[in-house]
Amino acid sequence: MITIIAPITAGTTIDILARLYADRLSKRFGQQVVVVNRPGAGGLIAAQAVASSPADGYTLIFVNSGHTILGALNKNLPFDPVRDFAGVSLVGEAPTIVTVPPALDVSNLKDFVARAKARPGTINYGSAGIGTATHLAGAYFALKTGTDLVHIPYTVSATIIADMLGGRIQASFVPAAFVLPLLQDGRLRALAVSAREPVTDPIRIPTALSQGIDYQNATWYGILAPAKTPKAVLQSLSQAISEVGKDVELQAKIRAQGIDPRDIELEQFDLHIQADMARLDPLLKAIADQR
């Protein structure tokens, strides 16, 4: 039996993706592939469990880009989130949507930045917790735009939406799927997408670049194994994940989560992680210095 650890609660994006892949991998391998949720401590509990597991390919972890920055924000970990893991496959990336409630009364990204600069420290943004991808997405925006935004970490993601609608926070920096129904019915407003191309379906969202703001950011999603897993085992897993990832129905379900399907394997996935770490390095140092 192969176990895929999800470092977050059931029903969240990582959990949904892990179960989609587990179902198809079970059929491909002819053996059970199960998803086990190990939430808590911003992903540390799950990551430590996998880092200390036998490096035989039977215990994997499904993570997003928040996993690799754990070490930058937690100096006394019993494991290294980068060196103690090996990339198997990156399966998708989700650009960030800058989202505000209509009550904030800004209609575009330039207005939002101008307001934040005029009233530093008065715009709160919510995230799934300290060190998570949504925390970094907002902090990276503040760094790139020279604004002073206040980070409000949550433990239950749904509360972010409730507090945006209730006026307790004024922004979020999350993948589209997290807020899409509320954007469609007008209860929230999308100011920009942090990608090179605009969103055109099912709603239109302009890029930050088209509004003169160089904010490009995406949350990646992928599968890692313990670092000492044999290369042949990693290759077998990666090939299987790549093959099932070509399924049209699976890709449609991934896109329904606001994620663009990708296929980056093994060493190339490791390089992708290293490049993302280099991009975030100034931000991570600034956050670490504040703690």
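Look above for the structure.
We now turn to the structure provided with this report. Only a predicted model underlies this, so the values are computations on that prediction, with no experimental measurement involved.

Some points on the overall build of the protein chain
When you go through the protein chain residue by residue, the secondary structure sums to 10 helices and 10 strands. In terms of overall dimensions, the protein chain is globule-like: its C-alpha atoms have a radius of gyration of 19 Å, near the 19 Å expected for 291 residues. By principal-axis analysis of the C-alpha atoms, the protein chain measures approximately 55 × 40 × 30 Å. Taking all contacts inside the protein chain whose residues are at least 6 apart in sequence as the whole, residues at least 24 apart take part in 75%. Counting only carbon and sulfur atoms, one obtains 51% of the accessible surface of the protein chain, whose full area is about 12800 Å². Of the charged side chains in the protein chain, 26 are positive and 25 negative, and the gap between their average positions amounts to 3 Å.

Concerning the packing of aromatic side chains
A complete count under the given rule lists 9 aromatic pairs for this structure. Seen in terms of ring centroids, Y21 and F62 are 6.3 Å apart; in terms of plane orientation they differ by 50°. Their pairing is tilted. One end of the pair, Y21, is in helix α1 (residues 13–29); the other, F62, is in strand β3 (residues 59–64), and 41 residues separate them in sequence. For the residue pair Y21 and F62, the accessibility class agrees, reading buried in each case. Centroid distance W220 to F269: 5.3 Å. Interplanar angle 90°. Geometry classified as edge-to-face.

Digging into the pattern of salt bridges
Counted by the stated rule, this structure contains 12 salt bridges. D15 is the partner of R19 in a salt bridge, and the nearest nitrogen-oxygen pair spans 2.8 Å. Remark: D15 and R19 occur in helix α1; sequence separation between them is 4 residues, near one turn of the helix. Among the residues examined, R19 registers a relative accessible area of 37% and is labelled partly exposed. One salt bridge in this structure joins R168 and D163, with 2.8 Å as the shortest N-O distance. The exposure class of R168 is exposed, given its relative accessible area of 52%. Residue D163 is classed as buried on the basis of its relative accessible area of 12%.

Observations regarding the pairing of strand β9 (residues 218–226)
Counting buried residues along β9, 8 of its 9 residues qualify, which places the element largely inside the surrounding structure. Note that β3 and β9 share 4 bridges and pair antiparallel. Within β9, the position partnered with V63 by the bridge is G222. Strand direction decides the pairing type here: strand β4 (residues 85–100) and β9, joined by 9 bridges, are antiparallel. Looking across to β9, one finds that P95 is bridged to A218.

Some details on α1
When the terminal C-alpha atoms of α1 are compared, their 24 Å separation across 17 residues agrees well with the 24 Å that a helix rising 1.5 Å per residue should span. Regarding α1, the residues found buried are I14, D15, L17, A18, L20, Y21, A22, R24, L25 and S26. Note on α1: the residue one or two positions beyond its end, G30, has a positive phi of about 70°.

Topic: the environment of L234
Residue placement: L234 occurs in helix α8 (residues 231–244). As for L234 and V88, which are separated by 146 residues in sequence, their C-alpha atoms are 6.1 Å apart. Once residues lying within four places of it in the same chain are set aside, the contact partners of L234 are A86, V88, A225, T229 and L266.

Observations regarding helix α5 (residues 133–145)
With 13 residues, α5 extends 18 Å between its outermost C-alpha atoms, agreeing within 8% with the 18 Å of an ideal straight helix rising 1.5 Å per residue. For α5, the buried fraction is high: 11 of the 13 residues fall into the buried class. Residues of α5 that are buried include every one of A133, T134, H135, L136, A137, G138, A139, Y140, F141, A142 and T145, and no others. Looking one or two residues past α5, G146 carries a phi angle of roughly 65°, positive in sign.

Looking at the side chain of H135
Mapped onto the elements, H135 comes out in helix α5. Accessibility expressed as a relative area gives 6% for H135, which makes it buried. Among the polar contacts listed, one links the side chain of H135 to the side chain of H151, at a separation of 3.5 Å. In contact with H135, not counting residues within four places along its chain, are Y125, S127, G129, I130, H151 and I287.

A word on the nonpolar core
V98, L109, F112, F141, L149, F173 and Y215 are the most contacted members of the largest nonpolar core, which has 31 residues in total. Within the residue set of this core, elements represented by two or more residues are α3 (70–73), β4, α4 (109–118), β5 (123–127), α5, β7 (171–175), β8 (189–193) and α10 (266–290). Per element, the largest residue contribution to this core is 6 residues, and it comes from α5. With sequence-adjacent residues up to four places away left out, V98 is seen in contact with L109, F112, F141, S172, F173, R189, A190, L191, A192 and Y215. Listed in part, the 30 residues of the second largest apolar core include I2, Y21, L234 and I254.

Criteria and thresholds
- Residues numbered from 1 in each chain as written.
- Predicted model: local features only at pLDDT ≥ 70, side-chain atom pairs only at ≥ 80, totals over all residues.
- Heavy atoms only, no water.
- Helix = DSSP H or I, 4+ residues; strand = E, 2+ residues; numbered from the N terminus.
- Rg over C-alpha atoms; globule rule 2.2 N^0.38 Å.
- Contact = heavy atoms within 4.5 Å.
- Areas by Shrake-Rupley, 256 points an atom, 1.4 Å probe, with all protein chains shown as cover.
- Lys, Arg positive; Asp, Glu negative; His and termini not counted.
- Charge placed at Lys NZ, Arg CZ, Asp CG, Glu CD.
- Phe/Tyr/Trp six-rings, centres within 6.5 Å; stacked < 30°, edge-to-face > 60°.
- Buried < 20%, exposed > 50% of the residue type's maximum accessible area, 1.4 Å probe, protein only.
- Salt bridge = Lys/Arg side-chain N within 4 Å of Asp/Glu carboxyl O.
- Pairing = 2+ DSSP bridges.
- Expected span 1.5 Å × (residues − 1).
- Polar contact = N/O pair within 3.5 Å; in protein donor to acceptor, adjacent residues only side chain to side chain.
- Core = buried A, V, L, I, M, F, W, Y, C linked by side-chain atoms within 4.5 Å.

By themselves these figures say nothing about function.
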